[in-house]
Amino acid sequence: MNNTSILIGNSFPLSLARRKLIIEPASLDALLTAAAGKRICSFWGHENTLAAASAATKLDLAPAVERPVMSLSPDKLPMLGEYEFSECWIVSSDYRGNFRPSVGAEVPESMISGWQVLKLTWE
């Protein structure tokens, strides 16, 4: 298990949930506490929200490679590159009003009203 890194993205593919998974709302402070002193392993998927999310969290959320691929370990835990994780943090944008982006469209930063943090924990 990887205790020196933290896994962060803007969404998580639930098709990779192959064992008991707990998803709970968390605070930005909880994320920052969990990330303190750890290497950020990011699988951020939307380039247009990356700068805004990084500014909001005060973390560098840029992935090491463009469009990183998540996989599963033999223990059915998420892997990014060579690292296996039992925990993942999701930072997703809240939109202004009833805004809903078109399929495949990039969301302008002006339409983001805030951020939601979720903590995913595999047992």
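See the structure shown above.
Since we're looking at a predicted model, the values are computed, not measured. (Residues numbered from 1 in each chain as written. Predicted model: local features only at pLDDT ≥ 70, side-chain atom pairs only at ≥ 80, totals over all residues. Heavy atoms only, no water.)

Participant: Just checking my understanding: could you explain the sheet that holds strand E3 (residues 39-42) for this structure?
Facilitator: Sheet strands pair via backbone hydrogen bonds, and the direction of the pair is either parallel or antiparallel. The strand order across the open sheet built from 5 strands is E2-E8-E7-E1-E3, with neighbouring strands paired in mixed fashion. Looking along the sheet, the strands with just one partner apiece sit at the ends: strand E2 (21-26) and E3. Taking the axes of each pair of neighbouring strands and ignoring which way they run, one obtains an average angle of 30° across the sheet. In the sheet, strand E1 (residues 5-9) pairs with strand E7 (residues 87-95) via 2 bridges, with the strands oriented parallel. Its bridge partner lying in E7, Gly9 is registered against Ile90. Contacts between helix H2 (residues 47-57) and the sheet are confined to E7 and strand E8 (112-122), with E8 contributing the most and set at about 75° to the helix. (Pairing = 2+ DSSP bridges. Helix = DSSP H or I, 4+ residues; strand = E, 2+ residues; numbered from the N terminus. Axes fitted to C-alpha atoms, helices over the stretch in contact; angles between N-to-C directions. Contact = heavy atoms within 4.5 Å.)

Participant: Just checking my understanding: could you explain the pattern of salt bridges for this structure?
Facilitator: Under the criterion given, the structure shown has 2 salt bridges. Lys20 is the partner of Glu123 in a salt bridge, and the nearest nitrogen-oxygen pair spans 3.4 Å. With a gap of 103 residues between them, Glu123 in the segment after E8 and Lys20 in the loop between E1 and E2 connect regions that are remote in the sequence. Among the salt bridges present, the one from Glu87 reaches Lys119, with a minimum N-O distance of 3.7 Å. Of this pair, Glu87 sits in strand E7 while Lys119 is found in strand E8, placing the two residues 32 residues apart along the sequence. (Salt bridge = Lys/Arg side-chain N within 4 Å of Asp/Glu carboxyl O.)

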